[in-house]
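# Summary of structural features
This is what each chain is made of:
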Amino acid sequence: MTNRPEHYLLTPGPLTTSMRVKEAMLTDWGSWDEDFQALTRQMRAGVCKAAGVDDSYTCVPLQGSGTFAVEAAISTLVGRTGKLLVLINGAYGERIVKICTCAGIAYDTLTTPETQAASAEQVDEILHNDPNITHVAIVQCETSIGIMNKTEEIAQTVKAHNRRLIIDAMSAFGVIQLDPVKVPYDAIIASANKCLEGVPGAGFVVVKTDALKASKGNCPSLSLDLVDQWEYMEKTGQWRFTPPTHVISAFIQALDEYEAEGGAKARLARYTLNKDTLVAEMRAAGFQTLLPDEDLSPIIVTFLAPDEDAYEFKAFYQAVKERGFLIYPGKMTEVESFRIGCIGHFDHTIMREAVTAIQGGLRAIGVTNFSAGQLNSHAG
Ligand SMILES: *Cc1c(COP(=O)(O)O)cnc(C)c1O
């Protein structure tokens, strides 16, 4: 991993990209041009391959950040006629509820504490009692604190009730694989700028073609209508509205690098080593993780803020930035925390430097003891 960037993003998207991904954006493409249509086809095929789906699924790309793709999938597939059960244990589950509220989509919720995943039994009971629920939405890795939810078990329950599953796999897609045979889903949603290591500006939905076709006329939004986007793309090879041309070009390069690295298995191994290095070295320095080992994901790790008066996130952030790393604030409601992303174009040697930068940054603002004190957490 050469070509050291001016700083590393230890954030779960946008994240650190390779020099060649950045260089892939140095051409201007015509949106109608055959060369760009070929890039779009290549990107859609590459995403389907990364998802491991057969040809009963299709990839519908969409302009915008990941949320646009989540909103498009929910609005198109659940739409005016369905009812959605949303599993919530963090900000991204909450966001799906906001999407339903804005679009006037019927929904129910199953909320568990931030540090706890919903169980298949809980979902089973709700589906048993409410035959009006047509779809269930789950966030595979709740990036708010980095917890993995029980997508496989819950997918089986949803299937047993003959309902349909929509997965927000944004932060784990391409790394923590969900086999569509073992985890039956109608749609899985992600974006270019997370584990596939592209740049931000496009999301995508890998969706069962039958379910997509059956949703025609369902979406209350024009620009988020996935059926419309898909039909137009199939017919013309083009995107409905101005495509993020440079983003797609960079995404093709990112997908090539993903394949060259060895796909999901190799990337998961690299991110896991990033996470293991981070957690071991941070704990050795006295930090505590919010979650116990078995709940930690190789995507992002939440650490409890040191229990010293000198600690202040903004100053800490700035001091770490001066040392070459951008970190992420916590998204916990109850305790002060900060997050370190393990994903992006860097390896464990860089992560080791990051831990040094974090400690140096804290000492620079006058924090010397990195422990969070007696809070209920996991020091290992
Ligand atoms: C990043 C992310 C999203 C999308 O966020 P955007 O800021 O719209 O790109 C959605 N869900 C999860 C779980 C995410 O990690």
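The structure contained in this document is the topic of the report that follows.

Calculation notes
Residues numbered from 1 in each chain as written. Predicted model: local features only at pLDDT ≥ 70, side-chain atom pairs only at ≥ 80, totals over all residues. Heavy atoms only, no water. Phe/Tyr/Trp six-rings, centres within 6.5 Å; stacked < 30°, edge-to-face > 60°. Helix = DSSP H or I, 4+ residues; strand = E, 2+ residues; numbered from the N terminus. Buried < 20%, exposed > 50% of the residue type's maximum accessible area, 1.4 Å probe, protein only. Pairing = 2+ DSSP bridges. Near = heavy atom within 4 Å. Polar contact = N/O pair within 3.5 Å; in protein donor to acceptor, adjacent residues only side chain to side chain. Areas by Shrake-Rupley, 256 points an atom, 1.4 Å probe, with all protein chains shown as cover. 1 Å grid on protein atoms, 1.4 Å probe; cavity = no way out; pocket = protein on both sides within 12 Å on 5 of 7 lines; lining within 4 Å. Sits in = over half its atoms within 2 Å of the grid points. Nonpolar A, V, L, I, M, F, W, Y, C, P; charged D, E, K, R; others polar.

### Topic: the packing of aromatic side chains
Going through the model one piece at a time under the given rule, you end up with 13 aromatic pairs. Here the aromatic rings of Tyr8 and Phe325 are separated by 5.7 Å at their centres, their planes lie at 20 degrees, and the arrangement is stacked. Linking Tyr8 in strand β1 (residues 8-9) with Phe325 in strand β12 (residues 325-326), this pair joins segments that are 317 residues apart in sequence. By relative accessible area, Tyr8 is classed as buried at 4%. The buried category is assigned to Phe325, whose relative accessible area is 1%. With 5.4 Å between their ring centres and 55 degrees between their planes, Tyr57 and Tyr185 make a pair best called tilted. Of this pair, Tyr57 sits in strand β2 (residues 57-63) while Tyr185 sits in the loop between β8 (164-168) and β9 (187-191), placing them 128 residues apart in sequence. Given a relative accessible area of 1%, Tyr185 falls into the buried group. Among the aromatic residues, those joined into a cluster by ring pairs are Phe287, Phe303, Tyr311, Phe313, Phe316, Tyr317, Phe338 and Phe370.

### A look at the pairing of strand β11 (residues 300-304)
In terms of residue burial, β11 counts as a mostly covered element, since five of its five residues are buried. Both faces of β11 are covered, namely the face carrying Ile300, Thr302 and Leu304 and the face carrying Val301 and Phe303. Note that β11 and strand β14 (residues 337-341) share five bridges and pair antiparallel. Each bridged residue has a counterpart across the sheet, and for Leu304 the counterpart in β14 is Ser337.

### What to know about the site of the ligand
Inspection of the region around the ligand gives Ser65, Gly66, Thr67, Tyr92, Arg95, Val139, Cys141, Thr143, Asp168, Met170, Ser171 and Lys194 as its neighbouring residues. Contact distances for the ligand include 3.0 Å between an oxygen atom and a backbone N or O atom of Gly66. Within the side chain of Thr143, an N or O atom sits 2.5 Å from an oxygen atom of the ligand. Here the ligand loses 86% of its free accessible area of 380 Å² to cover by the protein chains. Using a 2 Å cut-off from the grid points, one finds that the ligand occupies the largest pocket. Within the residue set of the shell around the ligand, elements represented by two or more residues are α3 (66-77) and α4 (91-103). Per-class residue counts for the shell around the ligand are four nonpolar, five polar and three charged.

### Overview of the environment of Pro329
Mapped onto the elements, Pro329 comes out in strand β13 (residues 328-329). Taking relative accessible area as the criterion, Pro329 reaches 37% and is therefore assigned partly exposed. Linking Pro329 and Lys314, residues 15 residues apart in sequence, is a C-alpha distance of 8.8 Å.

### Topic: the environment of Val335
Inspection of the secondary structure assignment puts Val335 in the loop between β13 and β14. Overall, the relative accessible area of 24% leaves Val335 in the partly exposed class.

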